[in-house]
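# Commentary on secondary and tertiary structure
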Protein chains: 2
Amino acid sequence: SARSFREERRIDLRLGHRVLAIRPEAHRVEGEAGGERFELGYDRLLIATGARATRPPIPGLEELLGRGAYTLKTLEDGRALRAALAARPRRALIVGGGYIGLEASEGLRAQGLEVTIVEALPELLPFLSAGLRARALEELARAGVQVRAGTALRGLARAGSAIRAETSAGPLEAELVLVATGVRPSSELAAAAGLALGAGGAIAVDDELRTSAPDIYAAGDCADARHGVSGERVYVPLALRANRSGKLAGGNLLGGHAKAPPVMGTAVFKLHGLELARTGLSETEARAAGLDAAAVEITTGSRAHYYPGGGKLSLWLQAERGSQRLLGAAIVGPEGAAHRIDTVVAALHGRFTVDELHELDLAYAPPFGPAWSPLLTAASQLSGALRRQDAAPRAAQTLR
Amino acid sequence: SARSFREERRIDLRLGHRVLAIRPEAHRVEGEAGGERFELGYDRLLIATGARATRPPIPGLEELLGRGAYTLKTLEDGRALRAALAARPRRALIVGGGYIGLEASEGLRAQGLEVTIVEALPELLPFLSAGLRARALEELARAGVQVRAGTALRGLARAGSAIRAETSAGPLEAELVLVATGVRPSSELAAAAGLALGAGGAIAVDDELRTSAPDIYAAGDCADARHGVSGERVYVPLALRANRSGKLAGGNLLGGHAKAPPVMGTAVFKLHGLELARTGLSETEARAAGLDAAAVEITTGSRAHYYPGGGKLSLWLQAERGSQRLLGAAIVGPEGAAHRIDTVVAALHGRFTVDELHELDLAYAPPFGPAWSPLLTAASQLSGALRRQDAAPRAAQTLR
């Protein structure tokens, strides 16, 4: 409560206060609370306005939001969605095949709904290699989730107890529509105050989380970040980075000069019976960053071949030609993908080469993987491929 | 088969040939095959004699081996043990509480046997911190395994259909005795030829796997290794290192100069419903290496607190005072311990400080852990503790 913040932590928390304008030169903010205007001065200001679910400009969507169509970002969103499920809808249409849409497909299938995902991009999970993406799609099919990629949603309209969706691939009907087209940073207040915006329309910050205006910091999902592999500014609205930047900004507001560590593009999620994890740059991202990259894709067992249980673990590993520096990885499998990716994260932070990854004394026991961890096997194959490629004319961009 | 080795790989494999002596000066070996003596010359020689299960000097053991008492190292050992289980023994006595003894306790419990482990050392799993060791012991108790640590086995004798064991804590009876007191390197041939022995009685090798004799290399469980944290020579008879050194030695025999990467003391095993993993130095090992170390021990959820399933994950993390360099870690939990340790392995190879570990952009999703990975939480706490300790007089060796 505001009271415990004030009494126990000596933080003057003011709920119900909406800031409407920041005046950087005056070091003041203006706003309204309970119908009254207020003004406050500051020595230093932190903008932590977060992000919100995007609402794509689909004709008919606005009228249906909260009445059959839902977003999923806030606790309130979750409650509204749960209330809608209590009415026992038979079919769900998920708009958007990103993390949230894919994770939601599992919950909705578990509730017994028929689930269709519509994705405007030509393919789902563009950050995965072709082989790993195929495994994800197989798993969605196995779980009974219909996927329509490269399909534009053109309009939504009430049709009796259902909602009718017009798409570029024909009409679809569902009782429940989940709009999961990502989030956008709540950076309008900062932009109106003249602060520079950066990646993805987020507030541009430096490593100390300072914005372009003196004495104003930004942290969390409203601010951008630096990617540790490409060095570029990126927008990564994920929990760990947001949480970490909040802690850092607090210290820096009080005079500290701590630097936010780079993000590595790490993400993991559960897709029905599979774990999907990635870090670093995807093939497309490496190309966009002007890096000359090569990659390998391997599939091994998630356990020693003679140990019962487990399944196939697929790993994609990418490195830069010449320097042999690791650039990124992705892992898909029924177990051991989520935590294995962290080894690559550490290797990226350490700017390891492929050969250095191959030297790691990784843990082995039959229930947890083969004696040569998939990471070591992939590193060995990629090292060999890079050596051959460096000696040969550079034809193919990717080795598989 | 020897034939496919010869025809497909052009390797002159000679089975049934026992080398009895190496003559380094003459670059020759002598031995016997099928009752005949043979001699062979070499340009370079690789000793890959492996290790064998130790047989502690327990009165009565030799007579019972293969007839109620068994070791567990070779495929033949496994077959003999399985044959013994076919006679449906009711009680098993495991001599030795190391990896093999503990892993075997699971298999024997699964077969319905009463299982007692007798360990001569005052406690099991001396490389774990006190809190993590307590969790392992709880799990053994939960699984119905009796543990008698600090108990010396003084003799074994046939007693009807059972075997009677005299111990320092009184007599025990079992139909089946498994002797799991570790392995020793098969280095006698090398020692007899005058080659220097190193850690644990294994053949001393340098980073290129050369022994003390010209043109003789050693690899696998018969040779020692270098520890990447302490820099000391160690004996680590584990699969990945043995496998890796074999590949390296093959290349170096043919004129290569590849260096074996250091071992990091990494090990993992399944203990009934728990995963136990470790890497780097234990507290005792750090002290023995003359390092001024501090450690923290934390317990978190193996999943986000609101996500169903999972359990408690306990993590112990150790670093050097002053340099703040990571020295080692151990993890115990129902899931996610085996692969999480590899992140620390990578950090040890990269000689990361505690603060560098804390900066890692590790993967997060609710099914796989809290937003702040246990590794990050432990690093944060250890960093704070090191800073306080560096400012204060150095009283306690370990912070908990």
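Owing to the predicted nature of the structure, the values given are computational and were not obtained by experimental measurement. (Residues numbered from 1 in each chain as written. Chains lettered and ligands numbered in written order. Predicted model: local features only at pLDDT ≥ 70, side-chain atom pairs only at ≥ 80, totals over all residues. Heavy atoms only, no water.)

Counted under the stated rule, the structure contains 53 salt bridges over all chains. D12 of chain A is paired through a salt bridge with R6 of chain A; the nearest N and O atoms lie 3.8 Å apart. We note a salt bridge from D292 of chain B to R321 of chain B, for which the minimum N-O separation is 2.7 Å. Linking D292 of chain B in the loop between α8 (283-288) and β20 (293-301) with R321 of chain B in the loop between β21 (312-320) and β22 (326-333), this pair joins segments that are 29 residues apart in sequence. Here D292 of chain B falls in the partly exposed class, since its relative accessible area comes to 25%. One salt-bridge network, held together by shared partners, links R23, R28, E30 and E39 of chain A. (Salt bridge = Lys/Arg side-chain N within 4 Å of Asp/Glu carboxyl O. Helix = DSSP H or I, 4+ residues; strand = E, 2+ residues; numbered from the N terminus. Buried < 20%, exposed > 50% of the residue type's maximum accessible area, 1.4 Å probe, protein only.)

Moving on to the side chain of S186 of chain B. Residue and element names in this part refer to chain B. Along the chain, S186 falls in the loop between β14 (183-185) and α6 (188-192). Exposure remark for S186: the relative accessible area of 15% places this residue in the buried category. Setting aside residues no more than four positions away along its own chain, S186 makes contact with T49, G50, A51, R52 and C222. (Contact = heavy atoms within 4.5 Å.)

Where the model shows low pLDDT, its predicted coordinates should not be examined in detail. Residue and element names in this part refer to chain A. The predicted model of chain A has a mean per-residue pLDDT of 95, with 97% of residues at 70 or higher. Here residues 393-400 scores under 50 on pLDDT; set against residues more than four positions off or in separate chains, the count is 21 contacts. Complex prediction metrics read pTM 0.95 and ipTM 0.95. (pLDDT = per-residue confidence, 0-100.)

What follows deals with the sheet that holds strand β9 (residues 145-148) of chain B. Residue and element names in this part refer to chain B. One open sheet holds the 5 strands; their spatial order is β6-β13-β7-β8-β9, and the pairing between them is parallel. What marks the edges here is a single partner per strand, and that holds for β6 (69-71) and β9. With strand direction ignored, the average angle separating the axes of adjacent strands in the sheet is 20 degrees. The pairing of strand β7 (residues 91-95) with strand β13 (residues 176-179) spans 4 bridges and is classified as parallel. Directly across from I94, in β13, lies its bridge partner L178. The strands touched by helix α4 (residues 99-110) within the sheet are β7, β8 (114-118), β9 and β13, with β8 carrying the most contacts at an inclination of about 170 degrees. (Pairing = 2+ DSSP bridges. Axes fitted to C-alpha atoms, helices over the stretch in contact; angles between N-to-C directions.)

Residue and element names in this part refer to chain B. The strand order across the open sheet built from 3 strands is β1-β2-β3, with neighbouring strands paired in antiparallel fashion. In the strand order of this sheet, the two ends are held by β1 (17-23) and β3 (36-41), each with one partner. Along the sheet, successive strands turn relative to each other by an average axial angle of 25 degrees, direction set aside. Pairing geometry for strand β2 (residues 28-33) and β3, over 6 bridges, is antiparallel. Bridging from a neighbouring strand, G31 pairs with F38 of β3.

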